[in-house]
Amino acid sequence: MTTDIKLFTLTKNSAKEIPGEASAVEKSLHELIEKHLETMLGIRLLGHEYATGPKHGGRIDTLGIDENNSPAIIEYKRSTNQNVINQGLFYMDWLLDHRGEFELLVLRKLGDKTAGLIDWSAPRLLCIAGGFTRYDEHAVQQMNRDIELIRYRRFGESLLMLEMVNAVSATSPSTSENKEGASSGAGPKTISQVLDSLDDSLRDLYETLRNHILALGDDVQEKTLKYYVAFKRLRNFACVEVHPSNSTVTVYLKVDPDTVTLDPDYMRDVRKIGHYGTGDLEVEIKAPGDLERVMPLLHQSYESS
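These notes cover the structure that comes with them. (Residues numbered from 1 in each chain as written. Predicted model: local features only at pLDDT ≥ 70, side-chain atom pairs only at ≥ 80, totals over all residues. Heavy atoms only, no water.)

Our focus in this paragraph is the overall build of the chain. A count of helical and extended segments in the chain gives ten helices and 15 strands. Relative to the 2.2 N^0.38 estimate, which gives 19 Å for 305 residues, the radius of gyration of the chain is 21 Å and therefore close to what a compact globule would have. Projecting the C-alpha coordinates of the chain onto the three principal axes gives extents of approximately 60 × 55 × 35 Å. In the chain, which comprises 305 residues, the proportion classed as buried is 47%. (Helix = DSSP H or I, 4+ residues; strand = E, 2+ residues; numbered from the N terminus. Rg over C-alpha atoms; globule rule 2.2 N^0.38 Å. Buried < 20%, exposed > 50% of the residue type's maximum accessible area, 1.4 Å probe, protein only.)

Printed below as a string of structure tokens:
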């Protein structure tokens, strides 16, 4: 699949195209992405070329945990005939069979707080390549796994483009785990349980917000996690909770609170306040009319992600 993206340098009287390159992934690109992994993809690095043991006999290119505390595997397509998707699924099966090893790795690298938050309902496979075929895109649609195809293109020495080509989310496993997560009655209800129990007015409010978010762009992905729904491009830009007790939908946005005038009626700086999901700006929506004042902030968070 070819890309139609072109990049130009502009002066007052001319425009000059910067040629883009999308050759096989070289080791330097692998290392560059890992060096800036959290900035580029919202993933914290746990292992580089992580060995899966002598019985399995493999090495995961990049192993990490994302901003939603979901395990993440990244595989890089180094040649045109390499089936990076099947290779990634091979490592994903290993990961799901070795949860204890992964949890110990997180504990050692990131501490017990993060280790206690690992969300196994939505492990991710990210495949990065200079290009994918239509057969690759079709194949991932047939698999009930969280798989993302990301195309890269380099423009000169200082510019790197990462473009989401295709993203598929697993359906039933994550939903059922989230719904059953609080079935014993201990702890707060999961977001799936909350959404199932909403009255008509609050459900309509949530669905209206959801539709507005999904309409921001074709690249918006929706992921139902344990206690919130995350909306993302390459990284989260909105995390949504619903609170029936006060008929409120709460959204956490990737907007710097210092860049906006905080209205205490519906906005709050949560940089020093613990909460589920990601984002430093909290906004509350209690009625359909509130969406009008929230949408510019949603657009800002979307554009920055």
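So, next bit.
Moving on to unusual backbone geometry. Of note, the phi angle at Asn69 is positive, near 65°, even though the residue is not glycine. Relative to the helices and strands, Asn69 is located in the loop between strand E5 (59-66) and strand E6 (71-76). Take Asn69: its relative accessible area is 14%, and that puts it in the buried class. For Ser247, which is not a glycine, the phi torsion comes out positive at approximately 50°. Topologically, Ser247 is positioned in the loop between strand E12 (236-243) and strand E13 (248-253).

Further remarks concern the side chain of Arg124. Note that Arg124 resides in strand E7 (residues 124-129). In this structure Arg124 comes out as buried when scored by relative accessible area, which is 6%. Only 2.9 Å separates the side chain of Arg124 from the side chain of Asp66, close enough to count as a polar contact. Ignoring sequence-local partners within four residues, the contact set of Arg124 consists of Ile43, Asp66, Pro71, Ala72, Ile73, Met92, Asp146, Glu148, Lys232 and Leu234. (Polar contact = N/O pair within 3.5 Å; in protein donor to acceptor, adjacent residues only side chain to side chain. Contact = heavy atoms within 4.5 Å.)

This part covers the environment of Leu126. Relative to the helices and strands, Leu126 resides in strand E7. For Leu126 and Ser28, which are 98 residues apart along the polypeptide, the C-alpha to C-alpha distance reads 18 Å. Leaving out residues up to four positions away in the same chain, Leu126 has contacts with Leu41, Ile43, Ala72, Ile73, Ile74, Glu75, Glu148 and Ile150.

For the rest of this paragraph, the subject is the pattern of salt bridges. Considering all chains together, one arrives at 17 salt bridges under this definition. Note that Lys6 is salt-bridged to Glu17, the shortest N-O span being 3.7 Å. With Lys6 in the segment before strand E1 (7-10) and Glu17 in strand E2 (residues 15-18), this residue pair connects regions lying eleven residues apart in the sequence. On the basis of relative accessibility, which here comes to 54%, the residue Lys6 falls in the exposed class. On the basis of relative accessible area, Glu17 is assigned to the partly exposed category, the value being 39%. (Salt bridge = Lys/Arg side-chain N within 4 Å of Asp/Glu carboxyl O.)

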